[in-house]
Amino acid sequence: MDDPLDIKRYIRCVDDFPISGVKFRDITSLVETPIALKKTCDQITKISRKFEPNLLVGIESRGFIFSSPVALDLSIPFVLARKPGKLPHETYSRHFDLEYGSTSIEVQKNSQISRHDKILIVDDLVATGGTALACCDLLTKHFDIERSNILFVAVIDLPHLGGSQRILEAGYGLEILVSYK
């Protein structure tokens, strides 16, 4: 089943946003519905407990919505992965392509991340996998984290765009809550 939590009905598909040809998955209704948001965050926490992370990295910006309550539930630090120019200290950066452009993701060099950490990365969606892989690769390259010590969790997967397969092929763990075939 591709919607075991019954949350898909709270995710709208918006055609041709932000550019023509893109089907944007809008989580606004999901986060505006307390029961749906709670189910989503509780499930991410449940998945996370099995992995036993000691640090969470949330990806800007929609990943932050789910990351904060999960980090609190797990009582672990929450590190921000942000778009360029949004963090006040020196950063490590990783450039990547999106379905409709390119950008970078950054993590502060002074973040308390050690090579022995087990890291949970949370975002709202996996499309082409660019954002996910950029964040995972940044952690392996600059903080010397083993691939097996990274679990990427997303609320939504668009498997037809190949991102989830790319994440798995790169050797990272992956968990998805809702899949659109």
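The structure this text deals with has already been given above.
Cut-off values and rules
Residues numbered from 1 in each chain as written. Predicted model: local features only at pLDDT ≥ 70, side-chain atom pairs only at ≥ 80, totals over all residues. Heavy atoms only, no water. Helix = DSSP H or I, 4+ residues; strand = E, 2+ residues; numbered from the N terminus. Contact = heavy atoms within 4.5 Å. Expected span 1.5 Å × (residues − 1). Buried < 20%, exposed > 50% of the residue type's maximum accessible area, 1.4 Å probe, protein only. Arc of directions from axis to C-beta. Phe/Tyr/Trp six-rings, centres within 6.5 Å; stacked < 30°, edge-to-face > 60°. Lys NZ or Arg CZ within 6 Å of the ring centre and 35° of its normal. Axes fitted to C-alpha atoms, helices over the stretch in contact; angles between N-to-C directions. Parallel < 35°, antiparallel > 145°, perpendicular 65-115°, else oblique. Left-handed = near helix turned anticlockwise from the far one by under 90°. 1 Å grid on protein atoms, 1.4 Å probe; cavity = no way out; pocket = protein on both sides within 12 Å on 5 of 7 lines; lining within 4 Å. Points joined across faces, edges and corners; volume = space filled by probe spheres on them. Nonpolar A, V, L, I, M, F, W, Y, C, P; charged D, E, K, R; others polar. Pairing = 2+ DSSP bridges.

Along the chain, the position of Gly171 falls in the loop between α5 (163–169) and β9 (173–179). Through-space distance from the C-alpha of Gly171 to that of Val153 is 14 Å; in sequence the pair is 18 residues apart. If sequence neighbours within four positions are ignored, Gly171 has contacts with Arg147 and Ser148.

What follows is about helix α2 (residues 34–51). An α-helical segment advances 3.6 residues per turn. Residues three or four places apart therefore align on the same side. If you check α2, its first and last C-alpha atoms are 26 Å apart, about what 18 residues at 1.5 Å a residue would give, namely 26 Å. Of all the residues in α2, the buried ones are Ala36, Thr40, Cys41, Ile44, Thr45, Ile47, Ser48 and Phe51. For α2, the arc enclosing every buried residue in end-on projection is 170°, short of the 170-degree limit, so these residues lie on one face. Along α2, the residues that are exposed and aim more than 90 degrees away from the buried face are Pro34, Ile35, Lys38 and Lys50. Packing partners of the buried residues in α2 comprise α1 (28–32), α3 (62–74), β7 (119–126), β8 (150–157) and β9. Trailing α2 by a residue or two, Glu52 shows a phi angle of about 60°, which is positive.

Given two aromatic rings, their pairing is described by the distance between the two centres and the angle made by the two planes. Taken as a whole and assessed by the stated rule, the structure comprises three aromatic pairs. Summarising the aromatic geometry, the rings of Phe17 and Phe24 are spaced 5.1 Å apart at their centres and angled 80° between planes, so their arrangement reads as edge-to-face. Overall, Phe17 belongs to the partly exposed group, its relative accessible area being 42%. Look at Tyr92 and Phe143: their rings are 5.2 Å apart centre to centre, the planes differ by 85°, and that puts the pair in the edge-to-face class. On the criterion of sequence distance, the pair formed by Tyr92 in strand β5 (residues 91–98) and Phe143 in helix α4 (residues 130–143) is long-range, its members being 51 residues apart. Taking the relative accessible area as the measure of exposure, Tyr92 reaches 22% and is therefore partly exposed. The class of Phe143 is buried, set by a relative accessible area of 8%. When the ring centre of Tyr180 is taken as origin, the NZ or CZ atom of Lys8, which lies over that ring, is 4.4 Å away.

Two numbers describe how α2 lies on α3: the axes approach to 9 Å, and their chain directions differ by 55°. Judged by the angle between their axes, α2 and α3 are oblique. Along this stretch, α2 crosses α3, giving a crossing that reads as right-handed. In contact with Leu37, Thr40, Cys41, Asp42, Ile44, Thr45, Ser48 and Arg49 of α2, α3 contributes Ile65, Phe66, Pro69, Val70, Asp73 and Leu74.

The next subject is the layout of surface pockets. Within this model, the largest pocket holds a volume of roughly 540 Å³. Taken together, 28 residues make up the lining of the largest pocket; nearest its centre are Arg62, Leu98, Tyr100, Leu125 and Thr131. At the level of secondary structure, the elements contributing two or more residues to the lining of the largest pocket comprise β2 (23–26), β5, β6 (101–108), β7 and α4. For the lining of the largest pocket, the leading source of residues is β7, giving four residues. Across the lining of the largest pocket, the residue classes break down as 13 nonpolar, seven polar and eight charged.

Burial analysis of strand β3 (residues 55–59) places five of its five residues in the buried class, which makes it a mostly covered element. The alternating pattern of β3 places Leu55, Val57 and Ile59 on one face and Leu56 and Gly58 on the opposite face, and all of these are buried. As defined by bridge partners, β3 adjoins β7 across four bridges and the pair is classed as parallel. Bridging from a neighbouring strand, Leu56 pairs with Leu120 of β7. As judged from the four bridges shared by β3 and strand β4 (residues 78–81), these two strands associate in the parallel manner.

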